[in-house]
Amino acid sequence: MALDPTPDPTALVDPLLKWYHTHKRELPWRTDPTPYRVWVSEIMLQQTQVATVIPYFERWMETFPTLADLAAAEQEQVLQLWSGLGYYRRARMLHRAAQELVAAGQLTLPDTVPELLKISGIGRYTAGAIASIAFNRPAPIVDGNVIRVFCRLFAIAGDPRSTDNQKRLWALAQEMVPEEEPGAFNQALMELGATVCTPKKPACLLCPVQGHCQALAQGRVSMLPEARKRTQQRPMYLATALLYQNDHTHYLLRQRPSEGLFGGLWEFINTEVPAQGTRKPHVRAMQRALEEHLAELKLNGRVVGRGEVVNHMLSHIKMTVQPFFVVCDEELDRAQVGDRPGRWISSASLPEQALSSVSHKLIAQLPKEP
Ligand code: SF4
């Protein structure tokens, strides 16, 4: 096939649409793409893989089939359904936005990008996705997949997140999105990035627009898009109490503050321990810090063993969690731990709580049978 060194962006529309209609994956949010379903799926898909999102999306739609159902839910139920998906701020924003819309008398989402942008948590990309997929409006979208596809197709060098490159990418997306089938076209671009024009080893031989690709023509596919400088992750060391009643029937949990890291979720009692210089604090220092923290909280616990260290990566934090088994006997009707809500939870119902993903990893270390 002859390679076109200066592709006309609009020449890519027909081959991409044709390819999409025969190769698209069947995904639950693609059947019946109502504005609410598209919105929820797009928020869930931010920073999360499709395969991970599918069961969460299905459970969510069974529990909150409409925007009004979501608005009427308790935050804890929302977080519980989101538990394990990460980036919990997304769930809180969805919930808050649904409540704001219903309070304003709107039982669906608006159909234009400017109106969508007024909703909490909806940015330019999500507004474009909802407007084009749910309302058939020719609104452009640029996400991570589209960035990769465009940087290769048009041989765009430099940091793709720079202001100039962002302007260029959005201008290309705007130029390309057709009046007919804008939603299918936007999904075709994302689908190409997700399944063919992948970060590593893209399947250029199967690509419907290979004849238009400048990176392929120039032998620069593996060099584009250029890698971004990663932000440094701050190390965080947590000493954590797997605090249980004598026979492991119940564990004590505490709720996190509603805003910030894992906001509103429940977790095992823990305390951050400073690093020793540039090194991880010694395990004895972690145990001491935890015992002091438990004493401050007036929790009469005794450390009886140590669990396996859990490592957990967040975009800005590299978390190292040292669990300790702590035994403590007290009445099960506790409602407070220090200045935060707290409660004893039976070991059988621990996995159903609105827990942080770190706490889910820790549960795997608990004895299976009391
Ligand atoms: Fe991506 Fe290869 Fe297609 Fe170019 S030819 S858009 S690099 S898959």
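The following refers to the structure shown. (Residues numbered from 1 in each chain as written. Predicted model: local features only at pLDDT ≥ 70, side-chain atom pairs only at ≥ 80, totals over all residues. Heavy atoms only, no water.)

## As for the overall build of the protein
Spelled out, the test is: Secondary structure counts use DSSP, requiring at least four H or I residues in a row for a helix and at least two E residues in a row for a strand, with both numbered from the N terminus. Using a 1.4 Å probe on the protein chains alone, a residue whose accessible area is under 20% of its type maximum counts as buried, one over 50% counts as exposed, and one in between counts as partly exposed. By the convention used here, residues are in contact when the closest approach between their heavy atoms is within 4.5 Å.
Along the backbone of the protein there are 14 helices and eight strands. Seen through its principal axes, the protein has C-alpha atoms that stretch 75 × 50 × 35 Å. Here the protein, with 370 residues, has 50% of them falling under the buried criterion. Counted over contacts in the protein with a minimum sequence separation of 6, partners at least 24 positions apart contribute 69%.

## Some details on the site of the ligand
Put simply, the test is: For this description, a residue counts as near a given molecule or strand if any of its non-hydrogen atoms is within 4 Å of it. When residue character is reported, Ala, Val, Leu, Ile, Met, Phe, Trp, Tyr, Cys and Pro are called nonpolar, Asp, Glu, Lys and Arg charged, and the others, Gly included, polar.
All residues adjacent to the ligand are R152, L153, V196, C197, C204, C207, Q210, C213, L216 and V221. Classifying every residue of the shell around the ligand by side-chain character gives eight nonpolar, one polar and one charged.

## Re the pairing of strand β2 (residues 250-255)
For clarity, the cut-off: Here a strand pair is declared whenever DSSP counts at least two bridges between the two strands.
Of all six residues in β2, six are buried, a share of seventy percent or more. Side chains H250, L252 and R254 project from β2 onto one buried face, and the interleaved Y251, L253 and Q255 project onto a second face that is buried too. Looking at chain direction, β2 and strand β8 (residues 340-346) are connected through five bridges and run antiparallel. Across the sheet, Y251 pairs through a bridge with I345, a residue of β8. Pairing of β2 with strand β3 (residues 266-272) involves three bridges; the strand directions are antiparallel. Bridge pairing in β3 places L253 opposite F268.

## Remarks on the pattern of salt bridges
Formally: Salt bridges are identified by distance alone: a Lys or Arg side-chain nitrogen within 4 Å of an Asp or Glu carboxyl oxygen.
One pass over the full model with this rule turns up nine salt bridges. For the salt bridge of R343 with E76, the shortest nitrogen-to-oxygen distance reads 2.5 Å. With R343 in strand β8 and E76 in helix α5 (residues 75-82), this residue pair connects regions lying 267 residues apart in the sequence. Since its relative accessible area comes to 24%, R343 is described here as partly exposed. Here D111 and R137 are joined by a salt bridge, their closest N and O atoms 2.9 Å apart. One end of the pair, D111, is in the loop between α6 (89-103) and α7 (113-116); the other, R137, is in the loop between α8 (124-135) and α9 (144-153), with 26 residues separating them in the sequence. The partly exposed category is assigned to R137, whose relative accessible area is 35%.

## Looking at unusual backbone geometry
Cis geometry is adopted by the peptide bond preceding P225, which originates at L224 and carries an omega value of -5 degrees. By secondary structure assignment, the location of P225 is in the loop between α12 (214-218) and β1 (234-244). Unusually for a residue other than glycine, A155 sits at a positive phi of about 45 degrees. Assignment of secondary structure puts A155 in the loop between α9 and α10 (163-176).

## Comments concerning the environment of R288
Inspection of the secondary structure puts R288 in helix α13 (residues 283-296). Here the alpha-carbon distance between R288 and C197, two residues 91 residues apart in the chain, equals 51 Å.

## What about α8?
The cut-off we apply is this: Take the number of residues in a helix, subtract one, and multiply by 1.5 Å to get its expected span.
The end-to-end C-alpha separation of α8 is 15 Å, in line with the 16 Å expected for twelve residues at 1.5 Å each. Most of α8 is tucked away: nine of the twelve residues are buried. Those residues of α8 that sit buried are Y125, T126, A127, G128, A129, I130, A131, S132 and I133. Where α8 is buried, its residues meet α2 (35-45), α7, α10 and α11 (182-195).

## A closer look at the packing of α2 against α8
We apply this condition: In this analysis an axis means a line fitted to C-alpha atoms, helices contributing only their contacting stretch, and an angle means the value between N-to-C directions, from 0 to 180 degrees. Throughout, a crossing is termed right-handed when the near helix is turned clockwise from the far one, and left-handed when it is turned anticlockwise from it by less than a right angle.
Their axes nearest at 9 Å, the elements α2 and α8 cross at an angle of 145 degrees. The way α2 lies across α8 gives a crossing that is right-handed. Within the contact between the two elements, α2 uses P35, V38, W39, E42 and I43 and α8 uses Y125, T126, A129, I130, I133, A134 and F135. Counted by class, the contact of α2 with α8 contains ten nonpolar, one polar and one charged residues.

## Things to note about the environment of G183
Looking at the element boundaries, G183 is found in helix α11. Here the alpha-carbon distance between G183 and S132, two residues 51 residues apart in the chain, equals 4.4 Å. Leave out the neighbours within four places in its chain, and G183 touches S132, I133 and N136.

## Considering the packing of aromatic side chains
Definition in use: Pairing of aromatic rings covers Phe, Tyr and the six-membered ring of Trp, with a centre-to-centre limit of 6.5 Å; geometry is then stacked below 30 degrees between planes, edge-to-face above 60, and tilted otherwise. Lysine NZ or arginine CZ positioned within 6 Å of the ring centre and within 35 degrees of the ring normal marks a charge as sitting over the ring.
One pass over the structure, following the stated rule, counts eight aromatic pairs. Plain terms: the ring middles of W60 and W82 are 5.7 Å apart, the flat faces sit at 80 degrees to each other, and that makes the pair edge-to-face. In this pair, W60 is assigned in helix α3 (residues 50-63) and W82 in helix α5, connecting sequence segments 22 residues apart. Among the residues examined, W60 registers a relative accessible area of 0% and is labelled buried. In this structure W82 comes out as buried when scored by relative accessible area, which is 0%. With a centroid separation of 5.7 Å and an interplanar angle of 80 degrees, the aromatic rings of F150 and F154 are classed as edge-to-face. Grouping residues by exposure puts F150 and F154 together as buried. Linked through ring pairs, W60, F64 and W82 together constitute an aromatic cluster. The lysine or arginine in question, R343, covers the ring of W266, its NZ or CZ lying 4.0 Å from the ring centre.

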